[in-house]
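# Coordinates in review
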Amino acid sequence: MPKNFAMTGVAGYIAPRHLKAIKETGNRLVAAIDPNDAVGILDQYAFDVRFFTEFERFDRHLEKLRRGPAEQRVHYLSICAPNYLHDAHCRAALRIGADAICEKPLVINPWNLDPLQELEQESGKRIYTILQLRLHPRLIALREQLQQAPRGHRHEVVLTYITARGFWYHISWKGISEKSGGIATNIGIHFFDLLIWLFGDVLEQRVHHSDPQRMGGILELERARVRWFLSVDHHDLPFAAQAGTKTTYRSITIDEQEVEFTAGFTDLHTRVYEDILAGGGFGIDEVRPSIELVHQLRNAPIVADEPLMRHPSLC
């Protein structure tokens, strides 16, 4: 039988990938919430989705479904709301007897993870997060290859991620560090998770530059030294930005060999949903190391020296 899904933040940037994943896995959306009502996209999936602009009414509706016939109850709550609301919406999911599928970052501050795990244990429900790069076929093969390296070998890695954003970005919640977690959290979290997954635990981190537009530094991992750079400034792109087409550049080089994983990068949400529905999924234990790391990065002092250790974009 199809599972019933509800969704928060359905008018947001990432919601279409979740809507597509729900449909492609043979399930249905029954309710959605967003304070913005530009949600005509819902008509591409169904005409009977109950939509709310106030969370209190949305929550009341889900509770009504929970107390009604079993076939109408919500099984999963997909969370696409702004970052600072994620943990509250996860708690709402567990309270109505649903599992949560939450966009990253699961939380902004690591001390909010333990209460969520306690609620999982109390409710018997799970909180999953979207770590889609771990399911990218090219990156799975790369991880298997790296694990064959001799013990003690440390790779030299350069990570660059530039995704151009206009003035709106800094006016929206994404430009407010308390709500988004800043550059490292909002646009970098899945890359930091990927680096830890590929190269092991964080031994040390240093930040060489940080401002509202860009951030960079160095990570010492168990099996790699990583020079990293993140930016939302189109001037940092290695080519002329073209609005609506060429706005993003992502690159990882390992020992001067570039890893290409652009293909399929935006099409992995359905794979994540399939994994969760099949009994897999990534939970709080998997996401904890990257959440702890980005918290350290945004609170780290700036290291002004080390010119030879800087990312090329900061030299």
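Before reading further, recall that the structure is shown in the block above.
Cut-offs applied
- Residues numbered from 1 in each chain as written.
- Predicted model: local features only at pLDDT ≥ 70, side-chain atom pairs only at ≥ 80, totals over all residues.
- Heavy atoms only, no water.
- Helix = DSSP H or I, 4+ residues; strand = E, 2+ residues; numbered from the N terminus.
- Buried < 20%, exposed > 50% of the residue type's maximum accessible area, 1.4 Å probe, protein only.
- Contact = heavy atoms within 4.5 Å.
- Pairing = 2+ DSSP bridges.
- Axes fitted to C-alpha atoms, helices over the stretch in contact; angles between N-to-C directions.
- Phe/Tyr/Trp six-rings, centres within 6.5 Å; stacked < 30°, edge-to-face > 60°.
- Salt bridge = Lys/Arg side-chain N within 4 Å of Asp/Glu carboxyl O.
- Parallel < 35°, antiparallel > 145°, perpendicular 65-115°, else oblique.
- Polar contact = N/O pair within 3.5 Å; in protein donor to acceptor, adjacent residues only side chain to side chain.

## Focus: the side chain of histidine 86
One can find histidine 86 in helix α3 (residues 86-95). A relative accessible area of 1% places histidine 86 in the buried class. In contact with histidine 86, not counting residues within four places along its chain, are Ile79, Ala81, Cys102, Glu103, Lys104, Pro105 and Leu106.

## Observations concerning the sheet that holds strand β2 (residues 28-33)
Spatially, the six strands line up as an open sheet ordered β3-β2-β1-β4-β5-β6, and their pairing is parallel. Bordering the open sheet on either side are β3 (50-52) and β6 (127-129), each of which pairs with just one other strand. Direction aside, the axes of adjacent strands within the sheet are offset by 20 degrees on average. As defined by bridge partners, β2 adjoins β3 across three bridges and the pair is classed as parallel. The residue of β3 that forms the bridge with alanine 31 is arginine 50. Across the sheet, helix α2 (residues 55-66) is in contact with β1 (4-8), β2, β3 and β4 (76-79); its angle to β2 comes to roughly 145 degrees.

## Focus: the packing of aromatic side chains
The full count for this structure, using the stated rule, is seven aromatic pairs. Measuring from ring centre to ring centre gives 5.0 Å for phenylalanine 5 and tyrosine 76, while their planes differ by 15 degrees; the resulting arrangement is stacked. Highlighted residues: phenylalanine 5 in strand β1 and tyrosine 76 in strand β4, separated in sequence by 71 residues. By the burial criterion, phenylalanine 5 is buried, and tyrosine 76 matches it. Measuring from ring centre to ring centre gives 5.7 Å for tryptophan 168 and tyrosine 169, while their planes differ by 70 degrees; the resulting arrangement is edge-to-face.

## Topic: the pattern of salt bridges
For the structure shown, the criterion picks out 19 salt bridges. The closest approach of N and O atoms between aspartate 87 and arginine 91, which form a salt bridge, is 3.4 Å. One end of the pair, aspartate 87, and the other, arginine 91, are both in helix α3, four residues apart, so they sit about a helical turn from each other. According to the relative accessible area criterion, arginine 91 is partly exposed, its value standing at 35%. Between glutamate 220 and arginine 206 there is a salt bridge; the shortest N-O distance is 3.9 Å. With glutamate 220 in strand β9 (residues 214-221) and arginine 206 in strand β8 (residues 202-210), this pair connects stretches of sequence that are 14 residues apart. Side by side, glutamate 220 and arginine 206 carry an identical accessibility label, which is buried. Salt bridges linked by common partners bring Arg154, Glu156, Glu204, Arg206, Glu220, Arg225 and Glu306 together as one network.

## Here we look at the packing of helix α4 (residues 113-123) against helix α11 (residues 284-298)
In the contact formed by α4 and α11, the axes pass within 11 Å of each other and the chain directions differ by 175 degrees. As summarised for this structure, α4 and α11 are arranged roughly antiparallel, according to the angle between their axes. Of the residues in α11, those touching α4 at Leu113, Asp114, Leu116, Gln117 and Glu120 are Ile284, Asp285, Val287, Arg288 and Ile291.

## Considerations on the side chain of threonine 8
Structurally, threonine 8 is set in strand β1. In this structure the side chain of threonine 8 is engaged in a polar contact, spanning 3.1 Å, whose partner is the side chain of histidine 89. Aside from chain neighbours lying at most four places away, what touches threonine 8 is Ile33, Phe55, Phe58, Leu77, Ser78, Ile79, Cys80, Ala81 and His89.

## Some points on the sheet that holds strand β7 (residues 155-163)
In sheet architecture, strand pairing relies on hydrogen bonds along the backbone and comes in two forms, parallel and antiparallel. Read across the open sheet, the six strands follow the order β8-β9-β10-β7-β11-β12; overall the sheet is mixed. On the outer flanks of this sheet lie β8 and β12 (257-259), each paired with one strand and no other. For this sheet, the mean inter-axis angle between neighbouring strands, taken without regard to orientation, is 20 degrees. The pairing of strand β11 (residues 248-254) with β12 spans three bridges and is antiparallel. When the sheet's bridge partners are listed, isoleucine 252 is paired in β12 with valine 259. Against the sheet, helix α5 (residues 137-146) touches β7, β11 and β12, its axis set at about 140 degrees to β12. Where helix α9 (residues 189-199) meets the sheet, its contacts fall on β7, β8, β9, β10 (224-231) and β11, and the angle it forms with β7 comes to roughly 165 degrees.

## Quick word on unusual backbone geometry
In this model, lysine 104 is joined to proline 105 through a cis peptide bond whose omega is -5 degrees. As for its placement among the helices and strands, proline 105 is situated in the loop between β5 (99-102) and α4. With a phi close to 50 degrees, aspartate 255 is a non-glycine residue in the positive phi region. Of note in the backbone geometry, glutamate 306 takes a positive phi value of approximately 60 degrees without being a glycine. Inspection of the secondary structure puts glutamate 306 in the segment after α11.

## A short note on helix α10 (residues 269-277)
For an α-helix, 3.6 residues make a turn, and residues three or four places apart therefore share a direction. Taken as a whole, α10 has its buried residues at His269, Thr270, Val272, Tyr273, Asp275 and Ile276. On the buried face of α10, the contacting elements are β1, α1 (15-24), β4, β5 and β6. Backbone geometry just downstream of α10 places glycine 279 in the positive-phi region, at approximately 100 degrees.

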